[in-house]
Amino acid sequence: MEKNNACSGCRACEAICPKECIKINVLGRKEFTKIIKKKECTNCHLCEWVCPHTAHIDLKEPLKGFNAYALKSSVIRRSSSGGIASSMYEYCMENSITGIGVLFDGNFNLNYTAIKNERQMRKAAGSKYVYSDMSGIHSLVANELCNGKKVLFIGLPCHVTGLLNYCKLKNIDTENLITVDLVCHGVVMPIYFTEHLCRVVGLRMNTNFEGNILFRAKSNPYGLTVTNKSTVIYDKSRYKDEYMKLYLAGMYAKSCCQCKFAQQNRIGDITIKDCNTPWDKRKDNSVANQSSVLINSLKGMELWDCLREGKIKTEEYWVKDIINEDERLQFPSPTLNKYDWFGKIEKYFGHSMAVSILCYLSSIGQNRRKTKRR
Ligand SMILES: Cc1cc2nc3c(=O)[nH]c(=O)nc-3n(C[C@H](O)[C@H](O)[C@H](O)COP(=O)(O)OP(=O)(O)OC[C@H]3O[C@@H](n4cnc5c(N)ncnc54)[C@H](O)[C@@H]3O)c2cc1C
Ligand code: SF4
Ligand code: SF4
Ligand code: SF4
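Right, let's walk through the structure included here. (Residues numbered from 1 in each chain as written. Chains lettered and ligands numbered in written order. Predicted model: local features only at pLDDT ≥ 70, side-chain atom pairs only at ≥ 80, totals over all residues.)

**Some thoughts on the overall build of the protein**
Looking only at helices and strands, the protein features 13 helices and 15 strands. Relative to the compact-globule value of 21 Å for 374 residues, the protein shows a C-alpha radius of gyration of 20 Å, a close match. If you line up the protein on its principal axes, its C-alpha atoms span 60 × 55 × 50 Å. Here the protein, with 374 residues, has 42% of them falling under the buried criterion. The long-range share in the protein, meaning contacts at least 24 apart out of those at least 6 apart in sequence, stands at 70%. (Helix = DSSP H or I, 4+ residues; strand = E, 2+ residues; numbered from the N terminus. Rg over C-alpha atoms; globule rule 2.2 N^0.38 Å. Buried ≥ 20, exposed ≤ 12 C-beta atoms within 10 Å, placed from the backbone. Contact = placed C-beta atoms within 7 Å.)

**Brief notes about helix α12 (residues 339-349)**
Among the 11 residues that make up α12, 1 are buried, leaving the element largely open to the surroundings. Phi turns positive, to about 95 degrees, at Gly350, one or two residues after α12.

**Thoughts on the pairing of strand β13 (residues 270-274)**
β13 sits mainly inside the fold: 4 of its 5 residues count as buried. Relative to β13, strand β9 (residues 177-182) runs parallel, the two sharing 3 bridges. Within the sheet, the bridge partner assigned to Val180 lies in β13 and is Ile270. Pairing of β13 with strand β14 (residues 291-295), which is carried by 5 bridges, proceeds in the antiparallel orientation. Looking at β14, one finds that Lys273 is bridged to Ser292. (Pairing = 2+ DSSP bridges.)

**Concerning the site of ligand 4**
Near ligand 4, the surroundings consist of Ser8, Leu156, Pro157, Cys158, Cys184, Gly186, Val187, Ser255, Cys256, Cys259 and Phe261. Of the residues that constitute the shell around ligand 4, the class distribution is 8 nonpolar, 3 polar and no charged. (Near = placed C-beta within 6 Å. Nonpolar A, V, L, I, M, F, W, Y, C, P; charged D, E, K, R; others polar.)

**Quick look at the packing of helix α8 (residues 190-201) against helix α9 (residues 242-249)**
The interhelical angle for the contact between α8 and α9, taken along N-to-C directions, is 160 degrees, at an axis separation of 9 Å. In this view, α8 runs roughly antiparallel relative to α9, as classed from their interaxial angle. Contact with α8, carried on its side by Tyr192, Phe193 and His196, involves Glu242, Tyr243 and Leu246 of α9 and no other residues of that element. For the contact of α8 with α9, the per-class residue count stands at 4 nonpolar, 1 polar and 1 charged. (Axes fitted to C-alpha atoms, helices over the stretch in contact; angles between N-to-C directions. Parallel < 35°, antiparallel > 145°, perpendicular 65-115°, else oblique.)

**Digging into the sheet that holds strand β8 (residues 151-155)**
Taken together, 9 strands build an open sheet; the order of strands is β7-β6-β5-β8-β9-β13-β14-β4-β15 and the sheet is mixed. Strand pairing shows two members of the sheet lacking a second neighbour, β7 (132-133) and β15 (312-316), which therefore form its edges. Sheet topology places strand β4 (residues 64-70) next to β14; 5 bridges connect them, and they run antiparallel. Bridged to Asn67 within β14 is Ser292. Along the sheet, helix α6 (residues 137-146) contacts β5 (98-104), β6 (110-115), β8 and β9; its crossing angle with β8, the most-contacted strand, is approximately 155 degrees.

**Quick look at the sheet that holds strand β10 (residues 212-217)**
If you walk across this open sheet you meet the 3 strands as β10-β11-β12, and the pairing is antiparallel. Both edges of this open sheet fall to β10 and β12 (231-236), since each of them pairs with a single strand only. The average angle at which neighbouring strand axes cross in this sheet is 25 degrees, direction not considered. Here strand β11 (residues 220-228) pairs with β12 via 5 bridges, running antiparallel. Pairing of Val226 across the sheet is with Tyr234, part of β12.

**Looking at the nonpolar core**
If you look at the biggest cluster of nonpolar residues, it comprises 97 residues, and the most contacted ones within it are Ala12, Ile16, Met88, Leu152, Phe153, Val188 and Leu246. With sequence-adjacent residues up to four places away left out, Leu246 is seen in contact with Val188, Tyr192, Met251, Val355 and Leu358. (Core = buried A, V, L, I, M, F, W, Y, C linked by C-beta atoms within 7 Å.)

**Regarding α9**
Extensive coverage of α9 is indicated by the burial of 7 of its 8 residues. The set of residues buried in α9 consists of Glu242, Tyr243, Met244, Lys245, Leu246, Tyr247 and Ala249. Two residues or fewer after α9 comes Gly250, characterised by a positive phi angle close to 95 degrees.

**Considerations on the pairing of β8**
Counting buried positions along β8 gives 5 out of 5 residues, so the element sits mostly inside the fold. By the alternation rule, side chains of β8 split into Val151, Phe153 and Gly155 and Leu152 and Ile154, which are all buried. In terms of strand pairing, β5 meets β8 through 3 bridges, oriented parallel. Paired with Ile100 across the two strands is Phe153, which belongs to β8. For β8 and β9, the ladder comprises 5 bridges, and the chain directions are parallel. Bridge pairing in β9 places Phe153 opposite Thr179. Handedness of the β8-helix α7 (residues 157-169)-β9 crossover: right-handed. (Right-handed = clockwise from strand over helix to strand, strands pointing away.)

**Describing the environment of Leu294**
By secondary structure assignment, the location of Leu294 is in strand β14. Taking the C-beta count within 10 Å as the criterion, Leu294 has 28 such neighbours and is therefore assigned buried. Here the alpha-carbon distance between Leu294 and Glu242, two residues 52 residues apart in the chain, equals 33 Å. Every residue in contact with Leu294, bar those within four places of it in the chain, is listed here: Pro62, Gly65, Arg266, Ile270, Thr271, Val319 and Ile322.

Everything listed here is a matter of geometry and, on its own, says nothing about what the molecule does.
Below you can see the structure in the form of structure tokens.
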């Protein structure tokens, strides 16, 4: 077993290994681990060259910046910020482009999937502050491209990078692949989320749950809301829900605390993030929710121009202001690095106590950082 603090579980190595001798363990409490069957490995190094954290990568300098939002209010209502990702899926469905986004399965796992219909598009909307699984996506995208189809992939920056590296090493022409990266401050190891849902919603793993899990419900932003057949079965704010407390305290996987994508140059053709500028300072104050968007390539600009014809309203905004407004476009999230300690407190005093102490320590750290900046 190879312990790799910089593994974010993107599964690109698993997908490329010609001997199929890699397994990524995503069930750990501190980090993702890469398990190699050494006897079968031929030392071809493909798994290192594909890895977003060890391969050389070419990031792009943003060409233009915008603040934007979807023209359809129904799209904005279910989206996290301006509904730009959802508008892109809508455009894909209208133009026979394979759009890839994330959906929860019946066991609370969040998987990348081809978005084929309105129902899936509605479920993909909204930021889900959990690990997303790329299983099967590298080969799906490769097949679509080889069959002459256009593909739009929206995902976390390390996942976009693993996908692009995979295509490059497989000699797949990526002219028809458009990538969109989401500015990302990190993910908590998935085991904490599944255990939390089992605890609070009372559902056991493998129950084929068919509801919806929202992290940015308009009535409960950054809290956790779970619905089942349109009935709200769990709804707690960011101050009360123990998973969101853990997330917002910064208990991220080790890889996220040294993320090389938390910077101004970007991997995707387009970058989307929440708009941090108060909306009432903008010229158009008709909606509160907006996204900030960086256009990083001519391919990205082409798609952007198509969306501007009827799907979204945009306003050009300085690239340097978008970067200055978000620390995750400058440096990675600070590490809490309390994994061993957290496990011990959890064992002796219970999960709730461990979360409370962690939040307390995180708030001390945040106050120190604020004081330093002043
Ligand atoms: C884990 C995470 C951390 C983020 N951190 C920041 C941040 O620090 N600063 C910031 O400005 N913005 C951050 N964002 C991005 C932001 O919250 C919005 O997702 C983005 O602005 C898109 O909004 P939208 O309204 O256009 O998308 P919507 O129309 O709401 O669609 C959501 C899109 O996000 C994708 N998505 C949701 N959850 C995940 C996930 N876990 N993995 C992969 N794809 C996912 C969906 O497939 C869909 O494409 C983060 C997003 C995620 C998922
Ligand atoms: S070096 Fe090659 S064969 Fe060995 S695990 Fe990596 S990709 Fe597989
Ligand atoms: S980050 Fe991705 S490519 Fe790198 S070791 Fe982890 S799963 Fe493999
Ligand atoms: S913070 Fe970086 S390493 Fe972690 S999930 Fe986001 S892009 Fe990947």
